[in-house]
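Descriptive structure summary
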Amino acid sequence: METLVEMKLYASWTGTKKNLRALQHYGWSLLMTPDTLYRCRGKVAPLWPDGTAAPYVLDNGAWGCHQRGKPFDEQAFLWAYGRIADDAEWVVAPDIVGGGMDSLRLTQSWLPRLDHKRVLIAVQDGMTPQDVDALMSSSRGIFLGGSTEYKMSSMMTWGKYCSDNDLYFHVARVNTIKRFRACQAAGADSIDGSGASRFSSEASLLPDASKQQSLFGRTK
């Protein structure tokens, strides 16, 4: 059996201190959005309950807009980007959830405006590596979004593409061991989920799984 690369885990920010303490204890980092930053005390980069800086990334907020049935909120993203992007480990360029090539066109229009050490391009239903290849560089990577069907059916393809091109690979909305294992097998560098943010009892679930061994997945 071979030991898998340990994926980095990101959980949505929560205002519940008990849950934040559990996330810190089990080694999670935080996924911030314009919505969560607005609710965060001081509206600045997040801290753990003990006052230490929490490692974090900045998502663009498109998922929250999608859930509310609203178009992408450009001003909210620019507000969050201006406040906390500098110290974010990576930033997700604006996209349209489930928007296919329309999403990619929106993303492409934003890329010149995002001066950051690592910008991830969110890929949506119907998109292939050939669609994004001209946009990739050493400071960019892939954020696998889209529907569950698209995500699961294309994950290995995106994982191989990122591995072959030495690109960062993140998979969004991973809350179960089964999906976590699929991400491991595809060679994802990181995943995010909201389960551990809502329930402190779930904070150990994926960290424990990441320490186990499997016959599948790539190593580095």
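See the structure shown above.
Keep in mind that this is a model prediction, so the values were computed, not measured.

1. Overview of the packing of aromatic side chains
For the structure shown, the criterion picks out nine aromatic pairs. Considering the side-chain rings of F72 and F77, the 6.1 Å spacing of their centres and the 50° angle between planes classify their relative orientation as tilted. Relative accessible area serves as the criterion here: at 0%, F77 is assigned to the buried category. The interplanar angle of 45° and the centroid separation of 5.8 Å between the aromatic rings of F77 and Y81 together place this pair among those described as tilted. You can see F77 and its partner Y81 sitting in helix 4 (residues 74-84), four residues apart, about one turn around the helix. Y81 sits in the buried class, given a relative accessible area of 17%.

2. Focus on the pattern of salt bridges
A complete count under the given rule lists five salt bridges for this structure. Taking the shortest distance from any N to any O, the salt bridge between E89 and K8 comes out at 2.9 Å. Pair noted here: E89 is in the loop between helix 4 and strand 4 (91-92) and K8 is in strand 1 (residues 8-12), with a separation of 81 residues, a long-range link. The exposure class assigned to E89 is partly exposed, which follows from its relative accessible area of 23%. A relative accessible area of 33% means that K8 is categorised as partly exposed. Its salt-bridge partner being R113, residue E74 comes within 3.8 Å of it at the nearest N-O pair. With E74 in helix 4 and R113 in the loop between helix 5 (100-110) and strand 5 (119-123), the pair connects residues that are 39 residues apart, well separated along the chain.

3. Overview of the layout of surface pockets
Volume-wise, the largest pocket comes out at about 600 Å³. Around the largest pocket, the lining is made up of 30 residues, and of these S12, L31, T33, W63 and Q67 lie nearest the centre. For the lining of the largest pocket, the secondary-structure elements that each account for two or more residues are helix 2 (34-39), helix 3 (62-67), strand 8 (190-193) and helix 9 (195-198). Per element, the largest residue contribution to the lining of the largest pocket is four residues, and it comes from helix 3. For the lining of the largest pocket, the residue count by class is eight nonpolar, 15 polar and seven charged. Considered as a void within the structure, the second largest pocket measures approximately 310 Å³ in volume. If you trace the second largest pocket, you find 14 residues lining it, with W13, K17, L20, R41 and L47 closest to the centre. Of the residues that constitute the lining of the second largest pocket, the class distribution is nine nonpolar, two polar and three charged.

Definitions and limits used
Residues numbered from 1 in each chain as written. Predicted model: local features only at pLDDT ≥ 70, side-chain atom pairs only at ≥ 80, totals over all residues. Heavy atoms only, no water. Phe/Tyr/Trp six-rings, centres within 6.5 Å; stacked < 30°, edge-to-face > 60°. Buried < 20%, exposed > 50% of the residue type's maximum accessible area, 1.4 Å probe, protein only. Helix = DSSP H or I, 4+ residues; strand = E, 2+ residues; numbered from the N terminus. Salt bridge = Lys/Arg side-chain N within 4 Å of Asp/Glu carboxyl O. 1 Å grid on protein atoms, 1.4 Å probe; cavity = no way out; pocket = protein on both sides within 12 Å on 5 of 7 lines; lining within 4 Å. Points joined across faces, edges and corners; volume = space filled by probe spheres on them. Nonpolar A, V, L, I, M, F, W, Y, C, P; charged D, E, K, R; others polar.

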